[in-house]
Each structure stands twice: as C-alpha cells, then as structure tokens.
Amino acid sequence: MGKQLAGSSQSSVSSVLHPKGSFEWTNVLGVRVSAVNLKSATGFIQKAIEDGRKEYVCVRDAHGIVRCQDDPELRSIHNRAFLVTPDGMPLVWALKRAGHAESDRVYGPDLMLSVFDAGSSKGLRHFLYGATAETLEQLQARLLAKFPQARIVGSYAPPFRKLSTQEETDIADRLNRSAADIIWVGLSSPKQELWMARMRDSLEASMLIGVGAAFDFHAGLKRQAPRFIQRSGFEWAFRLLCEPRRLWRRYALVVPTFISLTAFQRLGLRKFPIEDAVFGSSAPKAAAAKV
C-alpha cells in the first residue's frame, strides 16, 4: 500500500511507486497522475524507448479528470498509461499537496518540444498522426526549422469519422513501415486516448503520446495562452475568451465539478479508488492506492 506522506492528513492523497517504473503518482479523483516535471517526464520517455518498451502517455488536465468520473473505460485507459502528466495547474497543486515538491506542469506542447530537442542527438524517429494534411505540413516545417536534426519519418491525417477495422489495420501497417520510435497523436480528447489504447498492441513504435492541440499550436494555427496565465491556473478562462461558443458549456461544468470533488476527496467525504484491475494481472495489488 502507498505510504502516507509526512505532514499530510489522513484524508489526503497517497503516493506509491508506479508498477511499470520507478516514478511515483498521486490519486486525483481515481486517476493516477504521475509525479513528474518536464525534465523527468522527458527522461522517462527516452529511457522507455531505449529499453524497447511499448507504452503510451496521456497528457491530462482537470477537464479530462472530470470526464473520467463517468467513463470507467476512459479512467482505466489513463490508469494503464506509462505516464499521466499533469497538464493543468490544479493537478500540479494536487501533487505538491501530496508531498511531490519537484512536480510541475507537463504541458503537451512543451513536452513535444522537449522530447524533440532531447531526441535530436539520439536520432529518434517521429511520426505525426492527426489533424489535417495542411496542419501537418505546417507543423512539420516549423518543427524542422526549430530542430534541423530531427527525424520526422512520416505524417498522416486520418478521416474525421470512425475508422473501419480494415482502415485501422492499413494505418497500423503504414505506421509500422515508418519505423517510428514515437507516434505523436494530435486528436481531440478523449478520441486520442481511446485510439492509443486500442492501437497500442498493433503498433511497433515504442511510445504513443497524445498531445491534442499541440499540433495546432506548433503549426501556428492557434494562439497559446501567455506563460503567466498558464501558470496561474486560469488558462481555462483564456481559452474560453478565445472560443466562447465551443467551450462555455465545458467549463461551466468542469470548473465547479473539479473543485467540489477534489474538496470531497481531501476531506475524506468521498472515496475515489484506483481499481487493481487497471494495472493488469501481473502488477502487484499493493500498487493500487485505495483513496
């Protein structure tokens, strides 16, 4: 069972070793959020590739955590991931309250640039999956301008509809022929998490990383919030101002729901267990923190 950290209350989240590696995590509303920062997350990903592992990474914010509450499949997908990085500041604050002082935001666009930078000297092979053909063209051009030594071995813009079994087989063959080490997945959430979990066993690439809107940001098609707003915890407000019609319903639900549920968890008024089953039968049952 995860150890209770010094200075934390009986009702606060616990921290245990990830059954797949040496890093720790914290239970946030039943989702195992990795205790990482940008540097350590990049290092874990590099090491997994060097070891020849086949994993996927979820980049997660409060909105995604709330969606997991009513979707057991999506929650299980996150809890089987190699990393669930704290993309939003509320998740960073939860990690720090649990005693992980070195944890920090691992924002999808930043993670993408960090891994590209670290992988340039090692010859890591990247594949870009998602968005539109036009977006991918601009994205690839901008990434190569920033990282001239980067090896981008392919890109593909899938149809904006559900794929047939044959289409998914054909796509898997295409991705495998590229011999990519990393497949960057730029689909909307939770579509990208569902795709990574479904396709993981069919793909030879070591790492699948879902970074959502990072494709649009790095292609220069969408504006990112200024850094000080990102660090404030009010990035949702900036996004709402930029896209009010599309996002107002999301944030009207997410913000009060996340605040209230995390308060219930911290006060011990409601339990958010992480099921043993999500780790697979080979993982030790002690790895699942019942919090």
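Residues numbered from 1 in each chain as written. Predicted model: local features only at pLDDT ≥ 70, side-chain atom pairs only at ≥ 80, totals over all residues. Heavy atoms only, no water.

Going by the annotation in an unreviewed UniProt entry, the name recorded for the protein chain is WecB/TagA/CpsF family glycosyltransferase, with Rhizobium leguminosarum given as the source organism.

Draft legend 1. Region of the structure containing the overall build of the protein chain. In terms of helices and strands, the protein chain carries 12 helices and nine strands. Contacts in the protein chain between residues at least 24 apart in sequence constitute 72% of all its contacts with a sequence separation of at least 6. Carbon and sulfur atoms make up 54% of the accessible area of the protein chain, which totals about 13,600 Å². (Helix = DSSP H or I, 4+ residues; strand = E, 2+ residues; numbered from the N terminus. Contact = heavy atoms within 4.5 Å. Areas by Shrake-Rupley, 256 points an atom, 1.4 Å probe, with all protein chains shown as cover.)

Draft legend 2. How the structure looks around the environment of Q46. Along the chain, the position of Q46 falls in helix α1 (residues 38-50). Q46 sits in the buried class, given a relative accessible area of 15%. Here the alpha-carbon distance between Q46 and L124, two residues 78 residues apart in the chain, equals 9.1 Å. Not counting the four nearest positions on each side in its chain, Q46 is found in contact with A118, G119 and K122. (Buried < 20%, exposed > 50% of the residue type's maximum accessible area, 1.4 Å probe, protein only.)

Draft legend 3. Expanded view of the pairing of strand β6 (residues 125-130). Along β6, five of the six residues are buried, which leaves the element largely enclosed by surrounding structure. Pairing of β6 with strand β7 (residues 151-156) involves five bridges; the strand directions are parallel. Bridge pairing links H126 to I152 in β7. Where the polypeptide runs from β6 across helix α6 (residues 133-146) and back to β7, its parallel neighbour, the crossover connection is right-handed. Across five bridges, β6 lies against strand β8 (residues 182-186) in parallel orientation. If you follow H126 over to β8, its bridge partner there is I182. (Pairing = 2+ DSSP bridges. Right-handed = clockwise from strand over helix to strand, strands pointing away.)

Draft legend 4. Seen up close, the packing of aromatic side chains. Per the stated rule, a full pass over the model turns up four aromatic pairs. Between Y129 and W195, the ring centres sit 4.4 Å apart and the planes meet at 20°, which makes this aromatic pair stacked. Of this pair, Y129 sits in strand β6 while W195 sits in helix α8 (residues 191-199), and the two are 66 residues apart along the sequence. For the residue pair Y129 and W195, the accessibility class agrees, reading buried in each case. Clustering of aromatic rings is evident, with ring pairs tying together F116, F147 and W184. R32 extends its terminal NZ or CZ atom over the ring of W25, reaching a point 6.0 Å from the ring centre. (Phe/Tyr/Trp six-rings, centres within 6.5 Å; stacked < 30°, edge-to-face > 60°. Lys NZ or Arg CZ within 6 Å of the ring centre and 35° of its normal.)

Draft legend 5. Layout of the pairing of β8. Counting buried residues along β8, five of its five residues qualify, which places the element largely inside the surrounding structure. When β8 meets strand β9 (residues 207-210), the two strands line up parallel, connected through four bridges. When the sheet's bridge partners are listed, I183 is paired in β9 with L208. Remark: the β8/α8/β9 crossover connection has right-handed handedness.

Draft legend 6. Looking closely at the state of the cysteines. Scanning all chains against the criterion turns up zero disulfides. Summary of cysteine pairing: C58 is not part of a disulfide, and the nearest cysteine sulfur, belonging to C68, is at 8.3 Å. C58 sits in the buried class, given a relative accessible area of 0%. Under the relative-accessibility criterion, C68 is labelled buried at 0%. (Disulfide = S-S within 2.5 Å.)

Draft legend 7. Representation of the nonpolar core in the model. Formed by 38 residues in total, the largest nonpolar core has its most connected members in Y129, I183 and W195. When residues of this core are assigned to their parent elements, the largest contribution, four residues, is made by helix α2 (residues 62-69). In this view, W195 contacts Y129, L175, V185, L187 and L203; residues no more than four positions away in its chain are not counted. Membership of the second largest hydrophobic core comes to 32 residues, among which are A48, F82, V115 and L128. (Core = buried A, V, L, I, M, F, W, Y, C linked by side-chain atoms within 4.5 Å.)

Draft legend 8. The arrangement of the packing of helix α5 (residues 108-120) against α6 in detail. Interhelical geometry of α5 versus α6 gives an angle of 50° and a closest axis separation of 11 Å. Comparing the axis directions of α5 and α6 gives the class oblique. Handedness of the α5/α6 crossing: right-handed. Residues M112, L113 and F116 of α5 pack against L139, L143 and K146 of α6. Taken together, the residues that form the contact of α5 with α6 break down as five nonpolar, no polar and one charged. (Axes fitted to C-alpha atoms, helices over the stretch in contact; angles between N-to-C directions. Parallel < 35°, antiparallel > 145°, perpendicular 65-115°, else oblique. Left-handed = near helix turned anticlockwise from the far one by under 90°. Nonpolar A, V, L, I, M, F, W, Y, C, P; charged D, E, K, R; others polar.)

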